[in-house]
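The residues making up each chain are set out below.
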Amino acid sequence: MPNSLQALQASTSTSTRPAPVPRWPEGQLLDARIEAIDENGLALVRIGGVQYRTRLPALPLIGQSVRLEVLDARHEPVRMRLAQPAPPAGSPLAALLRASLPRQQPLNETLEQLLAQQYPDSAPDPAARAALARLPDQLPRLDRLLEPAGLKAAVLAAGGQFETRLLRGETPRRDLKYQLLRLLATDEGANTSKPLLESALATIETRQAEWLQARVAGENPLLRIDLPLLGNDGQIDLLRLDIDRETNQDEPPEEAAWALRLHLDLEATGPIDVTLRLRGEHLAVDLCCERARTRDQAAGLAPRLEAALRQAGFALDRLTTRTGRASRRAGEPPAADAAPPLVDAHA
């Protein structure tokens, strides 16, 4: 999704020069420093050595270092929010975020560039070439996600649970993080594609850190991942997935209420948001499409979807399709978090 944010390159003079415009996805976290507030109430922030103008729902102090979360990158200026307070400065989580936040980039674009990387024939590295050739086979295609087993396999292989599976004695060779680390370990991969590999790994690690921080604070979501999908044309799209437990952690599993949110933005369909709420065997499905044509197509397929869900054993309480934008997308904070404190203990 193109971003029309005007980027300004900082210089030692009073003038500024245009810089390449980043394509931040909604939900992306960024380390920033607030440098000024202009006459229109827009914040001038420095991210990765470059200055940007952005609209924040609440303005922090000039000079403050903050974490920003992208809310809407479709219009100028990009809307952001102050993300949740950082973990304690000396904690492993803080170290992980300090290392991963500045290097992260949209995972789909990074992987596309990585797969297009040409290794010099004059110095071929068989290990790197073999690892890179295997990478597309590890990325799920949209049709695989239509089956429950395919969706589960894709989530497990998205990199977010890599270390947990290692501790269980598993060797998750199809895991995306495993594949990227293996490629980075090769000489050719380290020399030729190191920035791309580190960027992709940083994006996965940022999501892992978010999950760990939420777990430490006793908050949701329980799981948040960016799932790259390989299309038939070789392009990579991104499926954002949140899984929340909406009831008390102490409740018996059979009484828990779960919410699964999906956000997908394909060229053929436009943005689609799906929310599934499950309590026991009772399921409610809400599908929201920004394009009216996509909504009409979804409505036509609704009876088949309803029949498939009932055949799978679910008691379907509701299945709705509508045009517009979901009140909360996967990757976005709950409405109650829209205006966090301006300054925390580590500001």
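Right, let's walk through the structure included here. Residue indices follow the written sequence of each chain, beginning from 1 at its first position. At least 70 in pLDDT is required for a residue's local features to be given in this predicted model, at least 80 for side-chain atom pairs to be given and counted, and no such filter applies to totals for whole chains, interfaces and linings, which use all residues. Side-chain numbers here rest on the full set of heavy atoms in the structure, without hydrogens or water.

## Focus: the side chain of Thr-321
Okay, so step 1: Relative to the helices and strands, Thr-321 resides in strand E13 (residues 315–323).
Okay, so step 2: Residues in contact with Thr-321, not counting those within four places in the same chain, are Leu-287, Arg-295, Ala-298 and Ala-299. Helix numbers and strand numbers start at the N terminus; a helix is a DSSP run of H or I with at least 4 residues, a strand a run of E with at least 2. By definition in these notes, contact holds between two residues if any of their heavy atoms fall within 4.5 Å.

## Points about the nonpolar core
Okay, so step 1: The criterion is simple. A nonpolar core is a set of buried Ala, Val, Leu, Ile, Met, Phe, Trp, Tyr and Cys residues joined through side-chain atoms within 4.5 Å. Burial classes follow relative accessibility: with a 1.4 Å probe on protein chains only, a residue under 20% of its type's maximum area counts as buried, one over 50% as exposed, and anything between as partly exposed. In terms of nonpolar packing, the biggest core is built from 22 residues, with Ile-225, Leu-227 and Leu-239 touching the most fellow members.
Okay, so step 2: Not counting the four nearest positions on each side in its chain, Leu-239 is found in contact with Leu-145, Ile-225, Asp-226, Leu-227, Leu-229, Leu-262, His-263 and Leu-264.
Okay, so step 3: In this structure, Leu-107, Leu-183, Ala-200 and Leu-238 belong to the second largest nonpolar core, which totals 19 residues.

## Comments concerning helix H6 (residues 176–185)
Okay, so step 1: Among the residues making up H6, those that are buried are Leu-176, Lys-177, Tyr-178, Gln-179, Leu-180 and Leu-183.
Okay, so step 2: Among the residues of H6, the N-terminal cap falls to Asp-175, whose side-chain oxygen and the backbone nitrogen of Lys-177 are separated by 2.8 Å. Pairs of N or O atoms within 3.5 Å make up the polar contacts considered here, provided that, within protein, one atom can donate a hydrogen while the other can accept it, and that residues adjacent in sequence are counted only when both atoms are side-chain atoms.

## Description of helix H4 (residues 148–156)
Okay, so step 1: Of the positions making up H4, those classed as buried are Gly-150, Ala-154 and Val-155. Looking straight down H4, one finds its buried side chains confined to an arc of 130 degrees; they lie on one side. Across H4 from its buried face, at more than 90 degrees, point the exposed residues Pro-148, Ala-149 and Lys-152. Working definition: the arc comes from the directions between the helix axis and the C-beta atoms, pointing outward to the latter.

## With respect to the environment of Leu-114
Okay, so step 1: Here Leu-114 shows up in helix H2 (residues 107–115).
Okay, so step 2: C-alpha of Leu-114 to C-alpha of Leu-196: the two residues are 82 residues apart in sequence and 6.3 Å apart in space.
Okay, so step 3: Once residues within four sequence positions are removed from consideration, Leu-114 is found in contact with Leu-132, Leu-135, Leu-180, Leu-183, Ser-193, Leu-196 and Leu-197.

## Thoughts on the sheet that holds strand E12 (residues 282–289)
Okay, so step 1: Pairing in this open sheet of six strands is mixed, and the strands run E8-E9-E10-E11-E12-E13 from one edge to the other. Strand pairing shows two members of the sheet lacking a second neighbour, strand E8 (223–230) and E13, which therefore form its edges. With direction set aside, neighbouring strand axes in the sheet form an average angle of 15 degrees. Pairing between strands is defined by DSSP: at least two bridges between the two strands are required. Axes, fitted as lines to C-alpha atoms, cover a helix only where it is in contact. Angles between the N-to-C directions of the axes lie from 0 to 180 degrees.

## Here's the deal with the environment of Asp-244
Okay, so step 1: Assignment of secondary structure puts Asp-244 in strand E9 (residues 236–245).
Okay, so step 2: Among the polar contacts made by the side chain of Asp-244, one reaches the side chain of Arg-261 at a distance of 3.0 Å.

## Section: empty space enclosed by the protein
Okay, so step 1: Using only the protein atoms, space was sampled on a 1 Å grid; points where a 1.4 Å probe fits but cannot get out form cavities, open sets with protein on both sides within 12 Å along at least five of seven lines form pockets, and lining residues are those with an atom within 4 Å of a point. Grid points are joined across faces, edges and corners, and a volume is the space filled by probe spheres set on the points. Under the definition given, this model contains three cavities of 30 Å³ or more.
Okay, so step 2: Looking at the largest cavity, its volume works out to about 90 Å³.
Okay, so step 3: Surrounding the largest cavity, 14 residues form its lining, Gln-28, Gln-104, Thr-203, Arg-207 and Asp-226 being those nearest its centre.
Okay, so step 4: Tallying contributions element by element places helix H8 (residues 194–217) first for the lining of the largest cavity, with four residues.
Okay, so step 5: Amino acids are sorted into nonpolar (Ala, Val, Leu, Ile, Met, Phe, Trp, Tyr, Cys and Pro), charged (Asp, Glu, Lys and Arg) and polar (every other residue, Gly among them). When grouped by side-chain class, the residues that make up the lining of the largest cavity number four nonpolar, six polar and four charged.
Okay, so step 6: Within this model, the second largest cavity holds a volume of roughly 70 Å³.

## What to know about the pattern of salt bridges
Okay, so step 1: Should a side-chain nitrogen of Lys or Arg be within 4 Å of a carboxyl oxygen of Asp or Glu, the pair is scored as a salt bridge. Taken as a whole and judged by the stated rule, the model has 11 salt bridges.
Okay, so step 2: As a salt-bridge pair, Arg-81 and Glu-69 come within 2.8 Å of each other at their nearest N and O atoms. Here Arg-81, found in strand E7 (residues 78–82), pairs with Glu-69, found in strand E6 (residues 65–72); they are 12 residues apart in sequence, far enough to count as distant.
Okay, so step 3: Exposure remark for Glu-69: the relative accessible area of 4% places this residue in the buried category.

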